Amino acid sequence: MGILRIIFIRVVYAIALLLAVIVLNFSLMHMAPGDVADTISQSMGGADQEILDEIRVSYGLDQPFIVQLGRYISNVVQFNLGYSFFYNQPVTKLILERLPATLLLVITAQIAALLIGVVLGVISARKPNGLSNYVVTFLALFGYSAPVFWTGILLLITFSLNVHWFPVAGMRDVTIEGGFWVHFIDVSRHLFLPAVTLGSIFLALYSRLSRASMMEVLGSDYVRTAKAKGLSENQVVYKHALKNALSPVITLAGLQFSAVLSGAVLVEAVFSWPGLGTLAFQSIIARDTPTILGILFFSALVVIIGNLLTDLALRLVDPRVGGNK
Amino acid sequence: MKHILKGMFTATAAAAVLATGAIAEDAPRKGGTLITVIATNVRNLNPAVQSGIVTGYPGAQLFAAPLRYDEDWTPQPYLAKSWDVSEDGLTVTLNLVDNAVFHDGVPITSEDVAFSVDTIKAHHPFKSMFAPVTSVDTPDAHTAVLNLSKPHPALMLAMSGQLMAIIPKHIYGDGQNPKTHPRNTENVVGSGPFKLVEYKSGEHVILERFDDFFIEGRPYLDKIVMRIITDPAARAIAYENGEIHMGAFESLPRIINRLKKVENLTVTNEGYGGIGPLDWLAMNTTKGPLKNVKVRKAIAYAVDKNFIHKALMEGTASNSLTGIHPDSPFYNANVEGYDLDLDKSRALLDEAGFPMNGDSRFSLTIDFGWPGVKPQVEYVKAALKKVGIAVKVRASADFPTWAARMGKMDYDMSWDTVFNWGDPVIGVHRTYSSDNIAKGVWSNTQGYANARVDELMEMASVETNPAKRKALYAEFQEIIADEVPVYHSNTLPYHTVYNDNVGNPPLGIWGTSTPIDMTYLKN
């Protein structure tokens, strides 16, 4: 019953949260001066009042705020995220086109950062004053504090310009032809640098956290007991200590899903990765309310699903969580 | 096809080929895929309903216009093999090439021309382009007669580049709103040298050669890939490592200068005369001290243009003195240039009745609409402090915020960038005409009104004699330079970047907003 109940409660929360996201953001968008008609006229190189009015009428922007909000909510309830004024396309289509690219980038970066981060954390925790510790700490601080647009450009200059190992931008090379594996390798080559850039932030967090958590666990009584039993160092570290040290790391990994979009926006911009981040950025600039709300809706969904998965994962590594309620 | 080049057009066509430099090189090679770049996401591929440089590039490949222009601003035949303007200037007859077909094989007829004019009149933001066109007669399938309510010399440029896309009536005439028509981005059926293969928002536009294009042997390229890369630094690296063959509208001085040093790249500011992008300092002439022309002149004398050109634009921008782009045949360079003169500036402010009061005379605000021009705005603030004008920089959260303020004339001074779009009637008059005050962003947001200026623009818009027209615009430019409703700073430093493999890049007056059917890859 436990898991089902948790899922049920989460769904109720999710609906409330989504509603709050919509109302709040809709209000914020509405309060700012100027609207999408202005940006449409910008991309047209100027337009007169008549055209601006026509745009506003045709998108219902001339209606009172409450009417616009009510209309939007009633659409969303019917699973209709509306129509993008700026892109002249249904929002759902726009988002679904972009979602896979972002998920590919973020999940690759997350998993790589998680695996490497934990390994680095463990290494430095085992010898807290050794050289490896300082190297890991330096890398972590560097990865965390260097802005991604800077790291990204630096990586581009090094690996795309000085040595031609990786392509500069985009997700695929449209000029190549071939079967699945040709395209797989092509996308992987495009993915590498953005994933490294995005992963460097996560890596810093994971390695620091797993180091701290590991050091704490290594100092605990049962580890001493395990050592006293005569278990090998590796057995103690990887079998006994690591499992316990992982809980906070997994919690953090789950929370990081909320940062997926904010982090990906900049990385996607630098590498022209055709994902949700770029779309979100452009929509905000363009005041394309339906698209922004649609993206927030999706990212709220991603966060909720991420948190749910975190909970389930924690239950696997730590039986105390959830217990036998 | 040969008959098109017969008679009177043989000479002009040959001149066009010479002018574009195609003969100087080896014969253009056919085939290949040109990889190009667009800096902003494309929203719409149909230039009949969507203006702007982003739509212009793919739009001009997909859709043909009646005319095209050479580097000397002389009209050349394109979809119209010849044209005739009546003695009184009230009818313009277009004789279409008779073998032209749309990408779906349907012949292009005068009906489509009439339909395109109607669509553009109703949905394109540049109302002045076809406003005097009252009707289009279609005496036969290949003759379209545009009837005008008054002579309209601006029509010639408005029939070229991206401004008059001939769109298929059988697709867009189905009753749906052409502005939001699904065929503006999907299954586009065009009239131009390239047809659409794939459009992916935020990723790319891919075009391929249209085999039944009405000019035999063209286009030279098999395919054009337009990649969307929004980050200027990433674009720079892509030019440098050869991933991108060509791109236009690069405007960051540091990047332009960096790319100029790369061996196999050419970086040029040719090809922007038609679009005519100008950077200027707009002043609200209806408010406070700025009402006084002496104050506006004092500001012009206090701003050191040299500093803007050398330090801020790093030598990439050209000087501009009037509202008309320096590359335009109508440009008048013999107007007041306001070289830096702080004493004169202070004297003018004294004369205007604004003596020093404590450490300043009065205060003003300055706005800007996008982060790229913040240095200019900060510089103006520092420069005006020297003559006793306290300036407060007012940032806008984003473009719509700024646009809303400008549209309502809720500002004192603002940095602004405005495009000419070919003929002055289209993109210049809007800034100075007294019946276009405060009608949204890029209208006459200066609140400037001068009866003589209105009269000159009125006369120039119907004057069919080019020399007389030029004289009218010369006087117009003298007056606006003298009265400084805007302080003209420089041309926007748009540059086209291409590598050595690209033959005959589009450097005509319309740049990439023109068919690149003569561009080729050397190997």
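Residues numbered from 1 in each chain as written. Chains lettered and ligands numbered in written order. Predicted model: local features only at pLDDT ≥ 70, side-chain atom pairs only at ≥ 80, totals over all residues. Heavy atoms only, no water.

A.B. asks: Just give me the short version of the sheet that holds strand β12 (residues 265-268) of chain B, but keep the residues and values in it.
C.D. replies: All names here are of chain B. Spatially, seven strands are ordered β8-β9-β10-β1-β11-β18-β12 in an open sheet, and the strand pairing comes out mixed. Single-partner strands in this sheet number two, and they are β8 (194-200) and β12. Each neighbouring strand pair of the sheet contributes to a mean axis angle of 20°, computed without reference to strand direction. Across six bridges, the pairing between β8 and strand β9 (residues 204-209) is antiparallel. Paired with F194 across the bridge in β9 is R209. Across the sheet, helix α2 (residues 53-62) is in contact with β1 (33-38), β8, β9, β10 (223-228) and β11 (246-250); its angle to β10 comes to roughly 165°. (Pairing = 2+ DSSP bridges. Helix = DSSP H or I, 4+ residues; strand = E, 2+ residues; numbered from the N terminus. Axes fitted to C-alpha atoms, helices over the stretch in contact; angles between N-to-C directions. Contact = heavy atoms within 4.5 Å.)

A.B. asks: Got a sec to walk through the pattern of salt bridges? Specific residues and values, please.
C.D. replies: Residues and elements named next belong to chain B. This structure, assessed with the given rule, holds 25 salt bridges over all chains. Across the pair E250 and R235 runs a salt bridge, and its minimum N-O distance is 2.6 Å. With a gap of 15 residues between them, E250 in strand β11 and R235 in helix α6 (residues 232-240) connect regions that are remote in the sequence. As far as the burial class goes, E250 and R235 line up, both buried. With a closest N to O distance of 3.1 Å, E240 and R258 form a salt bridge. Of this pair, E240 sits in helix α6 while R258 is found in helix α7 (residues 253-260), placing the two residues 18 residues apart along the sequence. Connected via shared salt-bridge partners are D367, R394, R405 and D410. (Salt bridge = Lys/Arg side-chain N within 4 Å of Asp/Glu carboxyl O. Buried < 20%, exposed > 50% of the residue type's maximum accessible area, 1.4 Å probe, protein only.)

A.B. asks: Just give me the short version of helix α10 (residues 342-351) of chain B, but keep the residues and values in it.
C.D. replies: Within an α-helix, residues lying three or four positions from one another point in the same direction, as the helix has 3.6 residues per turn. Residues and elements named next belong to chain B. Of all the residues in α10, the buried ones are S345, L348 and L349. The arc that holds the buried residues of α10, viewed along the axis, is 100°, so those residues lie on one side. Set apart from the buried face of α10 by more than 90 degrees, the exposed residues are D343 and E351. Looking at the buried positions of α10, the neighbouring elements they touch are α8 (293-302), β14 (362-368) and β15 (389-395). G353 occupies a position one or two residues after α10 and carries a positive phi of about 90°. (Arc of directions from axis to C-beta.)

A.B. asks: I'd like a description of the nonpolar core, backed by residues and values.
C.D. replies: With 81 residues, the main nonpolar core has F130, M159, F214 and W421 of chain B as its most contacted residues. No other element matches helix α3 (residues 110-123) of chain B, which puts five residues into this core. One finds A101, F166 and V237 of chain A together with I229 of chain B within the second-largest nonpolar core, a separate group that totals 61 residues. (Core = buried A, V, L, I, M, F, W, Y, C linked by side-chain atoms within 4.5 Å.)

A.B. asks: Can you explain the pairing of β9 of chain B? Please cite residues and give values.
C.D. replies: Residues and elements named next belong to chain B. A large share of β9 lies buried, amounting to five of its six residues. In this antiparallel pair of consecutive strands, β8 and β9, the connection spans three residues, and G202 shows a positive phi of 80°. Across five bridges, β9 lies against β10 in antiparallel orientation. For V205, the partnering residue across the bridge sits in β10 and is M226.

A.B. asks: Report on the sheet that holds strand β5 (residues 91-96) of chain B, specifying residues and quantitative values.
C.D. replies: All names here are of chain B. The antiparallel open sheet is built from four strands, whose spatial order is β4-β5-β7-β6. Edge strands, defined here as strands with exactly one partner in the open sheet, are β4 (80-85) and β6 (133-140). Each adjacent strand pair in this sheet contributes to an overall mean axis angle of 20°, direction not counted. Summarising the sheet, β4 and β5 pair through five bridges and their orientation is antiparallel. Its bridge partner being in β5, D84 is matched across the sheet by T93. Helix-sheet contacts for α3 involve β5, β6 and β7 (143-148), and the interaxial angle to β6 is about 170°.

A.B. asks: Provide a residue-level description of the interface of chain B and chain A, including the pertinent values.
C.D. replies: Residue-level contacts link 48 residues of chain B with 52 residues of chain A. At the boundary of chain B with chain A, total buried surface from both sides reaches about 3800 Å², with 55% on carbon and sulfur atoms. When the buried surface of chain B facing chain A is broken down by residue, R43, I237 and P400 of chain B rank first, second and third, together holding 17% of it. The closest approach of N and O atoms between R172 of chain A and E203 of chain B, which form a salt bridge, is 2.9 Å. Linking chain B to chain A there are six residue pairs in polar contact (both at pLDDT 80 or more). Elements represented by at least two residues in the side of chain B that touches chain A include exactly β1, β8, β9, β10, α6 and α12 (399-407) of chain B. (Buried area = accessible area lost by both parts, 1.4 Å probe. Polar contact = N/O pair within 3.5 Å; in protein donor to acceptor, adjacent residues only side chain to side chain.)

A.B. asks: Residues and numbers for the pairing of β6 of chain B, please.
C.D. replies: All names here are of chain B. Here β6 runs beside β7; their pairing, made up of five bridges, is antiparallel. For S135, the partnering residue across the bridge sits in β7 and is N147. If you look at the hairpin formed by β6 and β7, you'll find two residues sitting between the two strands.

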